[in-house]
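# Working through the structure, step by step
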Amino acid sequence: MIPAPIGLLAELTHRCPLGCPYCSNPLRLDRRSDELDTETWTRVLTEASELGVRQVHLSGGEPAARRDLERIVECCATLGLYSNLITSGVLLDRRRVMWLAEAGLDHVQLSIQADDAARADAIAGYGGGHARKLTIAAAVVAADLPLTLNLVLHRRNIDCLPAAIELALSLGAGRLEVAHAQYHGWALANRRALMPSRTQVAESAAIVKAARGRLGARLAIDFVPPDYYATWPKPCMGGWGRRSINVTPSGKALPCHAAESIPGLAFWNVRERGLADIWRNSPAFRAFRGTAWMQAPCAGCDRRAACGGGCRCQALAITGDATAADPACHLSPSHGEMLAMAEAESAAEESAFRHRRM
């Protein structure tokens, strides 16, 4: 029996004015003309609710580029789906934030690139973006919506972590998500420019631990370490085909946002098939669901059900084989190669970003 998914990541568009070099979108972005229309998203959300989904993460690109965002939020509210808007904030204003709140939006996750405008705008490749984010953070709090700030850490901003924690407090955020860059999509293309050192990663973990002890309930801080210095792998998206579905702007249903990097997988489209059928029967979702597909050392490991073999896209990127053990695992034959690569790239001279662009 396949359990029902908990979450749906609805990538409404790949359009975004920012050019973040760690963006998880694929290098080949969906065009506006290929995006699902409002009616199709309404059907997909209805099918998600019937399937058992309870949380919908409205993402992109920048979801506020969609003129029908309020209608999509209203559909979530009508269906009883908890809606989380994942946004850069730069295409929002106070009035639209209020409209979204009135439509039934439950939560806003606002990205920041650093604590100061000059560095943040340079990383995002978008002048004036940081100032707009601060304005929108205030608008979210004024609309009585819960606010989470998201900071992706890498070698060019990792030293700003203490100041970012203070910024989250000053803006009235209830939660700060500190996530080291995960090397897929644009981040993989920029890995040499982004990779921090092992020492920097350890220091960031210590800063978060100390802040949690100091702040208590004033600010919840989530911390996602990078896989390249790990000992054990993380389960991909809570486990491949176990907990969540990702629907791209053009309607392809994916087990994770980077799954298209794996050649040979067939991704069914919500334009042609129902979400329940995709979840239960799609070859892409079944490919790495469970443990039967695993080879050594995963096949004989007593942790295999918990980690699900780790990240399939990462295994492919490092070893060339999507069925291999995730190199983040110290039992993988490629673990040393991955670690050596991280240490070499973190010690290399800083290189220019390849900014994400449509």
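Right above here is the structure, for reference.
Here we summarise the structure given alongside this text. Quick caveat, the model's predicted, so the values are computed rather than measured.

Rules of the game
- Residues numbered from 1 in each chain as written.
- Predicted model: local features only at pLDDT ≥ 70, side-chain atom pairs only at ≥ 80, totals over all residues.
- Heavy atoms only, no water.
- Helix = DSSP H or I, 4+ residues; strand = E, 2+ residues; numbered from the N terminus.
- Rg over C-alpha atoms; globule rule 2.2 N^0.38 Å.
- Buried < 20%, exposed > 50% of the residue type's maximum accessible area, 1.4 Å probe, protein only.
- Contact = heavy atoms within 4.5 Å.
- 1 Å grid on protein atoms, 1.4 Å probe; cavity = no way out; pocket = protein on both sides within 12 Å on 5 of 7 lines; lining within 4 Å.
- Points joined across faces, edges and corners; volume = space filled by probe spheres on them.
- Nonpolar A, V, L, I, M, F, W, Y, C, P; charged D, E, K, R; others polar.
- Disulfide = S-S within 2.5 Å.
- Salt bridge = Lys/Arg side-chain N within 4 Å of Asp/Glu carboxyl O.
- Pairing = 2+ DSSP bridges.
- Axes fitted to C-alpha atoms, helices over the stretch in contact; angles between N-to-C directions.
- Right-handed = clockwise from strand over helix to strand, strands pointing away.
- Arc of directions from axis to C-beta.
- Polar contact = N/O pair within 3.5 Å; in protein donor to acceptor, adjacent residues only side chain to side chain.

## A look at the overall build of the protein
Looking only at helices and strands, one finds 14 helices and 9 strands in the protein. Taken against the 2.2 N^0.38 rule, which gives 21 Å for 358 residues, the C-alpha radius of gyration of the protein at 20 Å falls within 12% of a compact globule. Dimensions of the protein, computed from C-alpha atoms along their principal axes, come out at roughly 55 × 45 × 40 Å. Within the protein, the proportion of its 358 residues that are buried is 55%. A separation threshold of at least 6 residues defines the contact pool for the protein, and within that pool the share at least 24 residues apart is 73%.

## Comments concerning helix H13 (residues 312-319)
An α-helix turns once per 3.6 residues; consequently, residues spaced three or four apart project the same way. Extensive coverage of H13 is indicated by the burial of 6 of its 8 residues. Three or more residues of H13 are buried, namely Arg312, Cys313, Gln314, Ala315, Leu316 and Ile318. The elements touched by buried residues of H13 are helix H8 (191-194) and helix H14 (335-347).

## Side note on empty space enclosed by the protein
For the coordinates displayed, the defined rule picks out 2 cavities of 30 Å³ or more. Here the largest cavity is characterised by a volume of approximately 90 Å³. In this structure, the largest cavity is lined by 13 residues; those nearest its centre are Pro233, Cys298, Cys301, Cys307 and Cys329. A per-class count over the lining of the largest cavity returns 9 nonpolar, 1 polar and 3 charged. Taken as a whole, the second largest cavity spans an internal volume of roughly 30 Å³. Tallied by class, residues from the lining of the second largest cavity come to 2 nonpolar, 4 polar and 2 charged.

## What to know about the state of the cysteines
The final tally for this structure, using the stated rule, is 0 disulfides. In this structure Cys23 is a free cysteine whose sulfur lies 6.9 Å from that of Cys20, the closest cysteine sulfur available.

## Thoughts on the pattern of salt bridges
As enumerated under the stated definition, the model contains 16 salt bridges in all. Of the charged contacts, one joins Glu70 and Arg96 as a salt bridge, the two residues approaching to 2.6 Å between their closest N and O atoms. Highlighted residues: Glu70 in helix H2 (residues 69-79) and Arg96 in helix H3 (residues 94-103), separated in sequence by 26 residues. By relative accessible area, which is 15% here, Glu70 ends up buried. When its relative accessible area of 13% is taken as the criterion, Arg96 is described as buried. Here Arg175 makes a salt bridge to Asp222, at a shortest N to O gap of 2.9 Å. Taken as a pair, Arg175 in strand S6 (residues 175-180) and Asp222 in strand S7 (residues 220-224) lie far apart in primary sequence, 47 residues in all. Take Arg175: its relative accessible area is 35%, and that puts it in the partly exposed class. Salt bridges linked by common partners bring Arg15, Glu35, Arg66 and Asp68 together as one network.

## What to know about the sheet that holds S6
With respect to topology, 9 strands assemble into an open sheet ordered S7-S6-S5-S4-S3-S2-S1-S8-S9, the strand pairing being mixed. In this open sheet, the two edge strands, each paired with only one partner strand, are S7 and strand S9 (253-254). Relative to strand S2 (residues 55-59), strand S1 (residues 7-11) runs parallel, the two being bridged by 5 bridges. From the neighbouring strand, Glu11 faces S2, where its bridge partner is Ser59. Helix-sheet contacts for helix H1 (residues 38-51) involve S1, S2 and strand S8 (244-247), and the interaxial angle to S1 is about 170 degrees. Across the sheet, helix H6 (residues 161-171) touches strand S4 (107-112), strand S5 (147-153), S6 and S7, and the angle it forms with S5 is around 165 degrees.

## Section: the pairing of S2
One crossover worth recording links S1 to the parallel S2 by way of H1, and it is right-handed. Note that S2 and strand S3 (residues 82-87) share 4 bridges and pair parallel. Paired with Val56 across the bridge in S3 is Ser83. Taken together, S2, H2 and S3 form a β-α-β motif whose crossover is right-handed.

## Some words on helix H4 (residues 117-124)
Looking at H4, one finds that the buried residues are Ala120, Asp121, Ile123 and Ala124. Viewed along the axis of H4, the buried residues span an arc of 160 degrees, placing them on a single side of the element. Buried residues along H4 sit in contact with helix H5 (129-142). Just downstream of H4, Gly125 is the residue with a positive phi angle, here 65 degrees.

## A closer look at the environment of Asp227
For Asp227, the position within the fold is in the loop between S7 and S8. Put simply, Asp227 and Gln182 are 45 residues apart on the chain and 7.3 Å apart in space, counted from C-alpha to C-alpha. Once residues lying within four places of it in the same chain are set aside, the contact partners of Asp227 are Gln182, Lys234, Gln314, Ala328 and Met338.

## Points about the side chain of Gln113
For Gln113, the position within the fold is in the loop between S4 and H4. Reaching out from Gln113, the side chain makes a polar contact with the side chain of Tyr22 at a distance of 3.3 Å. Residues within four places of Gln113 in sequence aside, it is in contact with Leu18, Cys20, Tyr22, Ala120, Ile123, Ala124, Lys133, Leu151 and Asn157.

Bear in mind that shape data such as this cannot, by itself, settle questions of function.
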